[in-house]
Amino acid sequence: MSRNPNLTLNGPDLAALLCSRVCHDVISPVGAINNGLELLDEGGADADAMDLIRTSALNASVRLKFARIAFGASGSVGASIDTGEAERAAKDFAEAEKKATVVWNGPRAIVAKNRVKLLLNLFLVAYASIPRGGTIDVTLENPEFDAKFTLVVKGKLMRVPAKFAEICNGVVEEAIDAHSVQPYYTVLLADESGMDITYTANGEDITYVAEMRSAS
């Protein structure tokens, strides 16, 4: 039984909301590609149009590759994932967005899929904490066994995403929708992986920690 009583979405609803989230993430760069093609059709500045298309295509590709690991099956059910793939996905995501710098520390290992998905979803929560940009330091400790993931963010106007705080603390006042499903999924993945998530904010940084739940 789940330790968090607010993790109540059924399978079809969760799948539908996650699909909506992925579509929301890629619709903007795909739309920009279409705009670039329209510029070419209208005889606009070829260099500007091609630059828009290239940038947008890269952004869409990076977002889809990230989503494949963070939300998708990424292999068969129960499979394991190389944490190196997660590192590359996170760094490519941040580089394409040009808003945050990612520093990644820890051993590379093949670990349970849900742990890697949790790591990337917690990365998205951390990324949302610095809307004006900043740094994200990711540290992996003993990922194959008693795993501990620590993400420290620094930047201007830092804040813990409100929906994540509500769900993480077990206080959900409104129904989960496509905007709040990602933090919901993060907490769900932690629950399924036997891990607890905590966070602290001290004015200088925000620290998110996911670690194995105590047997007691």
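Heads up: the structure comes first, above all this text.
Predicted model only: the values in this text are computed from it and were never measured. (Residues numbered from 1 in each chain as written. Predicted model: local features only at pLDDT ≥ 70, side-chain atom pairs only at ≥ 80, totals over all residues. Heavy atoms only, no water.)

### Comments concerning the packing of aromatic side chains
For the structure shown, the criterion picks out nine aromatic pairs. Considering the side-chain rings of F93 and Y127, the 5.2 Å spacing of their centres and the 80 degrees angle between planes classify their relative orientation as edge-to-face. With F93 in helix α3 (residues 83–97) and Y127 in helix α4 (residues 113–128), the pair connects residues that are 34 residues apart, well separated along the chain. Exposure remark for F93: the relative accessible area of 8% places this residue in the buried category. Residue Y127 is classed as buried on the basis of its relative accessible area, which comes to 7%. Ring centres of F164 and Y199 lie 5.9 Å apart, and the angle between their planes is 55 degrees; this geometry places the pair in the tilted category. Highlighted residues: F164 in helix α5 (residues 162–168) and Y199 in strand β6 (residues 195–201), separated in sequence by 35 residues. A relative accessible area of 1% means that F164 is categorised as buried. For Y199, a relative accessible area of 24% corresponds to the partly exposed category. Chaining the aromatic ring pairs together yields one cluster made of F66, F93, F123 and Y127. (Phe/Tyr/Trp six-rings, centres within 6.5 Å; stacked < 30°, edge-to-face > 60°. Helix = DSSP H or I, 4+ residues; strand = E, 2+ residues; numbered from the N terminus. Buried < 20%, exposed > 50% of the residue type's maximum accessible area, 1.4 Å probe, protein only.)

### Overview of unusual backbone geometry
The phi torsion at K98 lies on the positive side, around 55 degrees, for a residue other than glycine. Mapped onto the elements, K98 comes out in the loop between α3 and β2 (100–105). Judged by its relative accessible area of 72%, K98 is exposed. One non-glycine residue, N142, lies in positive phi territory at about 45 degrees. Relative to the assigned elements, N142 resides in the loop between β4 (134–141) and β5 (148–155). The class of N142 is partly exposed, set by a relative accessible area of 39%.

### Topic: the sheet that holds β6
Pairing within the open sheet is mixed, and its five strands lie in the order β2-β4-β5-β7-β6. Each edge of the open sheet is held by one strand with a lone partner, namely β2 and β6. Recorded for the sheet is a direction-independent mean angle of 15 degrees between the axes of neighbouring strands. Strand contacts of α4: β2, β4, β5, β6 and β7 (206–212), with the helix running at about 15 degrees to β5, the strand carrying the most contacts. (Pairing = 2+ DSSP bridges. Axes fitted to C-alpha atoms, helices over the stretch in contact; angles between N-to-C directions. Contact = heavy atoms within 4.5 Å.)

### Points about the side chain of S180
Residue position: S180 is located in the loop between α5 and α6 (181–192). Under the relative-accessibility criterion, S180 is labelled buried at 1%. In contact with S180, not counting residues within four places along its chain, are K163, I167 and A175.

### Observations regarding the nonpolar core
One finds F123, I136, L151, F164 and Y208 to be the most contacted residues of the largest nonpolar core, which totals 59 residues. Those residues within four positions of F123 in sequence are excluded, and the remaining contacts are F66, A90, F93, V102, I136 and L151. (Core = buried A, V, L, I, M, F, W, Y, C linked by side-chain atoms within 4.5 Å.)

### Focus: the packing of helix α2 (residues 46–70) against α4
For any two helices packed against each other, one specifies the inter-axial angle together with the distance between the axes. Running from N to C, α2 and α4 point in directions that differ by 130 degrees, and their axes come no closer than 8 Å. Taken as axis vectors, α2 and α4 run oblique relative to one another. Counted together, F66, I69 and A70 of α2 and V116, K117, L120, N121, F123 and L124 of α4 form the full contact between these two elements. Its residues assigned to classes, the contact of α2 with α4 comprises seven nonpolar, one polar and one charged. (Parallel < 35°, antiparallel > 145°, perpendicular 65-115°, else oblique. Nonpolar A, V, L, I, M, F, W, Y, C, P; charged D, E, K, R; others polar.)

### Things to note about the pairing of β5
Pairing of β4 with β5, which is carried by eight bridges, proceeds in the antiparallel orientation. If you follow V138 over to β5, its bridge partner there is L151. Judged from the six bridges that link them, β5 and β7 form a sheet pairing that is antiparallel. Bridging from a neighbouring strand, K148 pairs with E211 of β7.

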